[in-house]
Amino acid sequence: MMSKDITSFDPKQASVPISYPLKTLKELESRSYLDSFHYPFNKASVPLIQTPTSSNSGKILVCHDMAGGYLDDKYVQGGTNSDAYSLWHWYLIDSFVYFSHNLVTLPPVTWTNTAHRHAVKVLGTFLTEGEGGRDVCNELLSTKESAQIYAERLAELASHLGFDGWLLNMEVGLDSVQIPNLKEFVNHLTLTMHSLVPGSLVIWYDSVTDDGSLNYQNQLNKYNKPFFDICDGIFANYSWEENYPKLSADVAGDRKYDVYMGIDVFGRGTFGGGQWNTNFALDVIKKADVSAAIFAPGWVYETKQEPNFETAQNRWWGLVEKSWGLVRKYPVALPFYSNFDQGRGNHITVDGINISNATWCNLSSQGLQPQLMFDDSTVNSIQVLVDLTEKSYSGGANITFQGTLKAKSYFQKTIFQAELLLTKLPLRVTYSVKSDSNSLLGLVLNVTSTINENVSILSAPQGMVNHLSQKFDKIVPTTEQDGSSTEWIMHEFTIDMNGYTLTEIRAMCYRQDHELTLNSRRLGHDLVTDYSAILGHVTITPSEYKPSFPISNSWLVNGEYIDLKSSPKGDSKLLSVKISWKLKEEKDYSVFSHYNVYMENESKVKEYIGVAHVNSFYVSELEVPSATSSFKFIIQVCNVDGTNQKLDESPYYQLEV
């Protein structure tokens, strides 16, 4: 169900589920958030996946700050803006902070879900600023017990909602007598977070010093180190000088990677000037061997950098990648599935069948993002991009490969850099392709043995492997079958490389015909031909893996908050209802990535109305015929491997009004 704008609401009343901040200590202390209608919808459904990371290198923290926060991203079940801000360079990020100028900024669950899918930790923000902030601190720090209580409330919220810690931003001057209780607050929050959420982080922002002064140090030094010593790291203010990262590293000692030197991408007093020169600051930070905190990378979006958001964002993050290098790799575990969805789009498809042409945005629906290194040169004859316009195989995006190829030539592009140990069971790889009959698309898998023996495996249609067999160590032709839509061809193959590690997945483009056609032309002495192919998804599972779905009657489905009222149009009604479902027997719900929700009318026609990432969905003012008194809602269960339960086998809710 696509959302409408909400200007005010009572948190306890049923309405379109949203994420929202807490603005007073009273809200925090009373636990009123846990009694709100919106709380169950805001629980993260994606556990933080674990990927190999080095403890001996600097980290990248990204702090998201955009126009006050809680924009399109606040709509838990999705919004309607296909041009909403999105972030897809997660493989360059270690942790993500959601920032706003509220007392308690709870990260919208949409961000937590997609960040966790990419192994990135998510932090909320606790902020005091201005006169109101001083009043907050007077209450917060009035006693040791009050400091502990509020710390426990913050930790409890993070644990219940499923995010990974807090940025503490105390931007008010304090009395020196308040500092012992401030330290108690920081220390108790850190210890409680570690207890409730193992691996969590509490980061101190460089603001108040140990004498209570609001005095930005722009480095780690003796004035702010007492706070650094009792939490997981410090976010240094932006106005540092070139030698400050090295000075901070010296002060931190063996905790130098817990020092995050701030960079304001808008360039407000920041070293290097930010914006398109952000990489200058990153280079200095990396040389000093500490960590970086990038503030407001949404600058690219907010300032409408040319030529368009997608190109500008790829170019900007390309500078980060060249400076800092890759932070993480995937796949690292099975099953692995990506449909390249960016969490926004102009359509939605399921198994190659289009189910909606409405514009939408929902970061919870973002798939694992391909690692397409940005290249703005004109050297490559094939342009590669994540495309939101061409109808997809799954979700709202795909990877398109378009350009020209010379006769008897091919083009390769890395789409994933992996670190997946292969076991005794062979791997089954499936991918979907849409192309003209002569534009062939295959996959190259690079694997490495324990003695660093590198093996390249080409798996592709027969017409491709026949011509390229000499260029790879191993050739595995794919078997092909039509997808559920005749436009898509499903390719499948298995490999058996026990003990090797999968390190890279590349797409391989090849043009089958080399005769002069309407799509061919001479380029010097070479014959070049137009090439166009679309990669819809990639799935990797053990060969014996078989997805399964609980049968329909194994679910308990019910409705509440039911409301049916007349529409202003007069010839229809507006239906609202909260639908919830759970299995009769306990099961790990994390194997289900999401649930597509449909309404079936009296003619048995099924209309897609939205997606849920928890076991509830709120239908808000759905327009229905006035004469209708019976409504059937189908809950299509969708697996993390990309498979979907058949609609006629899915659980459903029958509502009689």
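Residues numbered from 1 in each chain as written. Predicted model: local features only at pLDDT ≥ 70, side-chain atom pairs only at ≥ 80, totals over all residues. Heavy atoms only, no water.

## So, the overall build of the chain
Our working definition: Counting from the N terminus, the helices are DSSP H or I runs at least four residues long and the strands are E runs at least two residues long. Atoms counted for the radius of gyration: C-alpha only. Globule rule: 2.2 Å times the number of residues to the power 0.38. Only protein chains enter the accessibility calculation, which uses a 1.4 Å probe; a residue is then buried when its area is under 20% of its type maximum, exposed when over 50%, and partly exposed in between. The contact definition used throughout considers only heavy atoms, calling two residues in contact when any of these lie within 4.5 Å. The method behind every accessible area is Shrake-Rupley, applied with a 1.4 Å probe, and residues are considered shielded solely by the protein chains displayed.
Broken down by element type, the chain carries eleven helices and 33 strands. The C-alpha radius of gyration computed for the chain amounts to 26 Å, which stays within 12% of the reference 26 Å derived for 657 residues, consistent with globular compactness. Every one of the 657 residues in the chain was classed for burial, and the buried ones make up 56%. Sequence-distant contacts, at least 24 apart, represent 74% of the contacts inside the chain between residues at least 6 apart. Counting only carbon and sulfur atoms, one obtains 48% of the accessible surface of the chain, whose full area is about 26,800 Å².

## Thoughts on the sheet that holds strand S20 (residues 454–460)
We count it as follows: Strands qualify as paired when DSSP identifies two bridges or more between them. Lines are fitted to the C-alpha atoms to define the axes, a helix being fitted only along its stretch in contact, and any angle between axes, read from their N-to-C directions, falls within 0 to 180 degrees.
Here five strands make up an open sheet; going across it, the order is S17-S24-S19-S20-S21 and the pairing mixed. Two strands in the sheet have a free side with no partner beyond their single neighbour: strand S17 (410–421) and strand S21 (474–477). Shown here is a sheet whose adjacent strand axes are inclined to one another by a mean of 20 degrees, direction ignored. In the sheet, strand S19 (residues 439–448) pairs with strand S24 (residues 501–511) via ten bridges, with the strands oriented antiparallel. Paired with glycine 442 across the two strands is methionine 508, which belongs to S24.

## Things to note about the sheet that holds strand S27 (residues 555–566)
By definition, the strands of a sheet pair up through backbone hydrogen bonds, in either a parallel or an antiparallel sense. Sheet architecture is open: three strands sit in the order S27-S28-S31, paired in antiparallel fashion. With partners counted over all chains shown, the strands left at the sheet margins are S27 and strand S31 (616–625), one partner each. Direction aside, the axes of adjacent strands within the sheet are offset by 20 degrees on average. Here S27 pairs with strand S28 (residues 572–583) via ten bridges, running antiparallel. Directly across from glutamate 560, in S28, lies its bridge partner lysine 578.

## Some thoughts on the packing of aromatic side chains
Short version of the rule: What counts as a ring pair is set by centres within 6.5 Å for rings of Phe, Tyr and Trp (its six-membered ring), and what kind of pair is set by the plane angle: stacked under 30 degrees, edge-to-face over 60, tilted for all other angles.
The final tally for this structure, using the stated rule, is 36 aromatic pairs. Between tyrosine 85 and phenylalanine 309, the ring centres sit 5.8 Å apart and the planes meet at 45 degrees, which makes this aromatic pair tilted. Of the two residues, tyrosine 85 is situated in the loop between strand S1 (60–64) and strand S2 (95–98) and phenylalanine 309 in helix H10 (residues 309–324); the sequence distance between them amounts to 224 residues. Of the two residues examined, tyrosine 85 and phenylalanine 309, each falls in the buried class.

## What about helix H2 (residues 109–117)?
Within H2, nine of the nine residues are buried, leaving the element largely enclosed by the surrounding structure. Among the residues making up H2, those that are buried are Val109, Thr110, Trp111, Thr112, Asn113, Thr114, Ala115, His116 and Arg117. Looking at the buried side of H2, the elements it contacts are S1, S2 and strand S4 (121–129).

## Considering the side chain of asparagine 639
Within the secondary structure layout, asparagine 639 lies in strand S32 (residues 630–639). The residues contacting asparagine 639, other than those within four sequence positions of it, are Tyr545, Pro547, Ser548, Phe549, Val591, Phe592 and Ser593.

## Structural notes on the pattern of salt bridges
Our working rule: Any carboxyl oxygen of Asp or Glu within 4 Å of a side-chain nitrogen of Lys or Arg constitutes a salt bridge here.
In the structure shown here, the tally under the stated rule is 21 salt bridges. Of the charged contacts in the structure, one is a salt bridge between aspartate 250 and lysine 246, with a shortest N-O distance of 2.9 Å. With a gap of four residues between them, aspartate 250 and lysine 246 both fall in helix H7 (residues 244–252), about one helical turn apart. When salt bridges that share partners are traced, they join Glu600, Lys604, Lys606 and Lys632 into one network.

## Examining the nonpolar core
To keep it simple, the criterion reads: Only buried Ala, Val, Leu, Ile, Met, Phe, Trp, Tyr and Cys residues count toward a nonpolar core, and they belong to the same one when joined by side-chain atoms within 4.5 Å.
Membership of the largest hydrophobic core comes to 134 residues, with the highest contact counts inside it found for Leu106, Phe126, Trp166, Leu182, Phe185, Trp204 and Leu535. Judged by nonpolar contacts, the second largest core, of 22 residues, contains Tyr595, Ile609, Ala612 and Phe617.

## Comments concerning unusual backbone geometry
Following glutamate 306, the chain continues into proline 307 via a peptide bond in cis, with omega recorded as 0 degrees. Note that proline 307 resides in the loop between helix H9 (299–302) and H10. The linkage connecting tyrosine 330 with the following residue, proline 331, adopts the cis geometry, with an omega of 10 degrees. Examined against the element boundaries, proline 331 turns out to sit in the loop between H10 and strand S10 (336–338).

## Examining the confidence of the model for the chain
Selection rule: The quantity known as pLDDT measures the predictor's confidence residue by residue, on a range of 0 to 100.
Confidence in the prediction of the chain, expressed as mean pLDDT, is 93, and 95% of residues score 70 or more. Segment residues 1–6 is flagged for pLDDT under 50; beyond a separation of four residues in sequence, or across chains, it makes 26 contacts in the model.

## Thoughts on the packing of helix H4 (residues 144–161) against helix H5 (residues 179–196)
Here is the rule we go by: Here the word oblique covers every angle except those under 35 degrees (roughly parallel), over 145 (roughly antiparallel) and from 65 to 115 (roughly perpendicular). By the definition used in this description, the sense in which the near helix is turned from the far one sets the handedness, with an anticlockwise turn below a right angle giving left-handed and a clockwise turn giving right-handed. All residues other than Ala, Val, Leu, Ile, Met, Phe, Trp, Tyr, Cys, Pro, Asp, Glu, Lys and Arg, Gly among them, are scored as polar; the first ten of these are nonpolar and the last four charged.
H5 packs onto H4 with a crossing angle of 30 degrees between their chain directions and a minimal axis gap of 8 Å. As the angle between them shows, H4 and H5 are arranged roughly parallel. By crossing handedness, the relation of H4 to H5 is classed as right-handed. When H4 is examined against H5, the residues Lys144, Ala147, Gln148, Tyr150, Ala151, Glu152, Leu154, Ala155, Glu156, Ala158 and Ser159 are found in contact with a partner set consisting of Asn181, Glu184, Phe185, His188, Leu189, Thr192, Met193 and Leu196. In the contact of H4 with H5, the residues fall into ten nonpolar, five polar and four charged.

## Overview of the pairing of S28
Within S28, ten of the twelve residues are buried, which leaves the element mostly enclosed by the surrounding structure. Between S27 and S28, which follow one another and run antiparallel, lie five residues, and glycine 570 among them has a positive phi close to 90 degrees. In the sheet, S28 pairs with S31 via eight bridges, with the strands oriented antiparallel. What sits directly across from lysine 573, in S31, is valine 624.

## Brief notes about the state of the cysteines
Here is the rule: Cysteine sulfur pairs qualify as disulfides if the two atoms are within 2.5 Å.
Under the definition given, this model contains zero disulfides. No disulfide involves cysteine 63; its nearest neighbouring cysteine sulfur is the one of cysteine 231, lying 15 Å away. Cysteine 231 provides the cysteine sulfur closest to cysteine 137, a residue in no disulfide bond, and the two sulfurs are 16 Å apart.

## As for H7
Filter applied, for reference: The reported arc concerns the directions from the helix axis to the C-beta atoms and nothing else.
The set of residues buried in H7 consists of Tyr244, Pro245, Ser248, Ala249 and Ala252. What you see down the axis of H7 is that its buried residues fit within an arc of 140 degrees, all on one side. Buried residues along H7 sit against helix H6 (225–228), strand S8 (259–264) and helix H8 (278–288). Of the residues trailing H7, glycine 253 is marked for its positive phi of about 65 degrees.

## A word on the side chain of asparagine 113
Mapping asparagine 113 onto the fold places it in helix H2. Judged by relative accessible area, which is 1%, asparagine 113 ranks as buried. Aside from chain neighbours lying at most four places away, what touches asparagine 113 is Ala44, Ser45, Val46, Ser364 and His613.

## Things to note about the environment of histidine 118
Which entries qualify depends on this criterion: Polar contact is defined as a pair of N or O atoms within 3.5 Å, subject to the rule that within protein one atom must be able to donate a hydrogen and the other to accept it, and that residues adjacent in sequence are counted only when both atoms are side-chain atoms.
With respect to the helices, strands and loops of the structure, histidine 118 is situated in the loop between H2 and S4. Residue histidine 118 is classed as buried on the basis of its relative accessible area of 0%. Among all residues touching histidine 118, those that are not within four sequence positions of it are Ile49, Trp90, Arg328, Tyr330, Gln366, Gly367, Leu368 and Gln369. Within the structure, histidine 118 has its side chain in polar contact with the backbone oxygen of threonine 114 (distance 2.8 Å).

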